[in-house]
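Below are the chains, spelled out letter by letter.
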Amino acid sequence: ARRAIGIAMPTNDDKSKFGVDDVAAALGPDTEVTALGVREESELSLPLRDWAAYYRGEAVTVTHRNRATRRIVRPRRGRKRRKQTKAEEEKEEDGDGDGDGDGDAEVEADAADATEVLLNLVSLEYSCTPLSRRVAAPALVRELDWIDHAWPTILKRQGHEAALGLEGAEGGGDALGQAKPDLSRSEEGEDGIMAAAATPEEEGEKENLNAAATRNATRNAAAADNAKGRFSTHYPRVQNYCLMSPQHSYTDFHVDFGGTAVWYHVLRGRKTFFMAPPTDANLRALGAWSNALGLEGGGGFLPHSLPPRSVVKFDVREGETLLLPSGWLHAVYTPVDSLVFGGNFFFDAAADVQLRVGDWEEAFDVPRRLRCPFFPHIHWYAAMRFAQRLRRRLRNGAASSDDACEVGAAELKNMKALHARLERSLVEARGDKLGFVAATPECVSQPRVFLRQLGLLMAALEARARR
C-alpha cells in the first residue's frame, strides 16, 4: 500500500517496529521538545530521552514556559508494564531476580512522588535531521507542495544549512552570485502575453531565485518572527512532523495554520478524527468557541455549535494514510499509543481556502507563534510560479505532454482568487493585515506590472479554452 502512494516510512534492521526510542536515537536523545498537556493545556519542555522514558511510564522532570520545573508521570491507566533491560533479563536468568519485575517496582516507587499528567507531542518537526532521509511524503503531496516547487531553492538550502549550523549559511546567496530575474519587466507580445526571455524553468528545469534579491525581505520577516519567539530558517519548515501520542490523548477542534492541507500516516497505533468542512459559518463558530474557552463555563463541545451533520468521524488505523483537506476543522483522539508521521503543504487548488483561513486567524487574533511562517511570502512565490506555468502552457499549446504545465479548472479558479487578493493588497495597503505588501519579493520590482501580466495570462488561457 505504501508503494502504491509513493510513501516511505522508517524500519529497523531487525524488522522490529520503529518506535519512540528509535525517534530519540535518530534525532538525538538531548534534543529538546515541547509537549502539550492534554487536560491542563500547558506547554512542557523536556529532552527526547526523557520523553521516551515518560512514554514508557517512568517519572521525568519537565520545564514549564515560565522555567518552573516539576516531576510528572503519565497516567496509570495508560501505562504498560515496563520492558526489562538486558541486564535485568540476565539477572533474572541467573536466578538473582524474583521474576516479578524488580525494575517495575522501582519505577512505581519513583512514580509515587510524581504528578500524573497526560502529555501529547504533536509539533516535532524533523526536517534537516537523519530521520528526514528515512521518511517520504506521499508522491501526490511532493508533486503539489509549494514549498518544494515555488519557494526559491536557494533559500530552502540556506534554511537547511542554518539548521545544520554550517559555516557561511547566511552568505550562501552572495557566494553563488546568480543573476537576478525580474519577473515584472518584460515586453508584451502576441495576444498581450508576456514574451520574456526563456528562464531555466521554462526549459524544463526549476528556477533558482537569487538569494541576493530576496534575502533582505526574508531576513526582515525572520527577525520579526524571532522577536515573537519563533525560530525562522529561511523557509516554511512545516513539511515533516513526528507525532507521539500516549493512549487517551486528545487534541481539540482547530484548523491547521494557514489553512494548509495535511498528510498523516499512522505507523503505530490508531487515530480517530472528527472533521468539519471550512465553511464561513463553521469558521466563525470555531473562532467564537475558541475565544470562549478561556471564559467561565468554557466553550462547550464545538459540534453542538455547528449545523446538524456537519461533523464526520473517521478512523485511521495502523498502516493507513489520511490526506486532510485544506482548512478543515478537526479534533483528534488517540485510543491507543500511537506514532504518526505527517506534514503540512500548500497547493494551487487550495489557494482560496488558505487565504480565508489566513483572514480568520487575523480576525480572531490567533497568536503569531501558532501561525504558518512566511505565509504571505509563499503566496507571492506561488503566483510567480503559476505565471511561469501559464507561459509554458500557452507557448506549448494543447499538444503539450508536459504534465507540469497543465492547468486544471480548480487551480485556475483558486489562483484567480490569489491574484485578486494580491492586487487588492497593493491598492488597500492599510488594510493589508496579512502583510502581502511587505512580503513582496525583491525580484518583483514592479508588483503591479507583474500582477497585470498574470491577469493577462489567465485571461488568455480562458480564451483559448473557449475556442
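Residues numbered from 1 in each chain as written. Predicted model: local features only at pLDDT ≥ 70, side-chain atom pairs only at ≥ 80, totals over all residues. Heavy atoms only, no water.

Q: Could you clarify how one ought to interpret the packing of aromatic side chains in this entry?
A: Centre-to-centre distance and the angle between the planes together describe a pair of aromatic rings. For the structure shown, the criterion picks out 13 aromatic pairs. When the ring of Trp151 is compared with that of Tyr381, the centres are 5.0 Å apart and the planes differ by 75 degrees; the resulting orientation is edge-to-face. With Trp151 in the loop between helix 7 (146-149) and helix 8 (153-164) and Tyr381 in helix 13 (residues 375-396), the pair connects residues that are 230 residues apart, well separated along the chain. Taking 6.4 Å as the distance between ring centres and 40 degrees as the angle between the ring planes, the aromatic pair formed by Trp380 and Phe450 counts as tilted. Of this pair, Trp380 sits in helix 13 while Phe450 sits in helix 15 (residues 447-466), placing them 70 residues apart in sequence. With relative accessibility at 0%, the residue Trp380 sits in the buried group. Residue class for Phe450 comes out buried when judged on its relative accessible area of 1%. (Phe/Tyr/Trp six-rings, centres within 6.5 Å; stacked < 30°, edge-to-face > 60°. Helix = DSSP H or I, 4+ residues; strand = E, 2+ residues; numbered from the N terminus. Buried < 20%, exposed > 50% of the residue type's maximum accessible area, 1.4 Å probe, protein only.)

Q: In this structure, what is going on with the pattern of salt bridges? I would like to understand it.
A: Oppositely charged side chains may form a pair once their charged atoms are brought near each other. One pass over the full model with this rule turns up 17 salt bridges. We note a salt bridge from Glu318 to Lys17, for which the minimum N-O separation is 2.7 Å. Residue Glu318 is located in the loop between strand 10 (312-317) and strand 11 (321-324), and its partner Lys17 is located in the loop between helix 1 (2-5) and helix 2 (20-27); the two are separated by 301 residues in the primary sequence. Note that Arg356 is salt-bridged to Asp352, the shortest N-O span being 3.7 Å. Here Asp352 and Arg356 lie together in helix 12 (residues 351-363), a separation of four residues that amounts to about one turn. (Salt bridge = Lys/Arg side-chain N within 4 Å of Asp/Glu carboxyl O.)

Q: What's the story with a nonpolar patch on the surface in this structure? I'm lost.
A: Together, Leu140, Leu144 and Leu323 make up a nonpolar patch on the protein surface, roughly 230 Å² of accessible area in all. Along the polypeptide, Leu323 turns up in strand 11. With a relative accessible area of 40%, Leu323 lands in the partly exposed category. (Patch = residues over 30% accessible without salt bridge, like charges linked within 9 Å, V, L, I, M, F, W, Y side chains within 5 Å. Areas by Shrake-Rupley, 256 points an atom, 1.4 Å probe, with all protein chains shown as cover.)

Q: Looking at this structure, how should I read helix 14 (residues 409-427)?
A: An α-helical turn contains 3.6 residues, so any two residues separated by three or four positions project in the same direction. In a regular helix each residue adds 1.5 Å, so 19 residues correspond to 27 Å; helix 14 covers 27 Å between its end C-alpha atoms and thus fits that length. Buried within helix 14 are the following residues: Glu411, Leu412, Asn414, Met415, Leu418, His419, Arg421, Leu422, Ser425 and Leu426. Packing partners of the buried residues in helix 14 comprise helix 7, helix 12, helix 13 and helix 15. (Expected span 1.5 Å × (residues − 1). Contact = heavy atoms within 4.5 Å.)

Q: I would appreciate a short explanation of unusual backbone geometry in the present structure.
A: Excluding glycine, residues mostly carry a negative phi; peptide bonds, for their part, are mostly trans. Even without a glycine there, the phi angle at His248 is positive, about 75 degrees. With respect to the secondary-structure elements, His248 resides in the loop between strand 7 (241-245) and strand 8 (250-254). At Arg309, a position not held by glycine, the phi torsion is positive, near 60 degrees. What makes Arg309 exposed here is its relative accessible area of 80%.

Q: Looking at this model, I keep getting lost on the pairing of strand 9 (residues 261-276). Mind explaining?
A: The side chains of a regular strand alternate, residue by residue, between the two faces of the sheet. Judged by how many residues are buried, strand 9 sits mostly within the fold: 13 of 16 residues are covered. Bridge count between strand 9 and strand 12 (residues 329-345): 13 bridges; the pairing is antiparallel. Note that in strand 12 the partner of Ala261 across the bridge is Phe345. Pairing geometry for strand 9 and strand 11, over four bridges, is antiparallel. (Pairing = 2+ DSSP bridges.)

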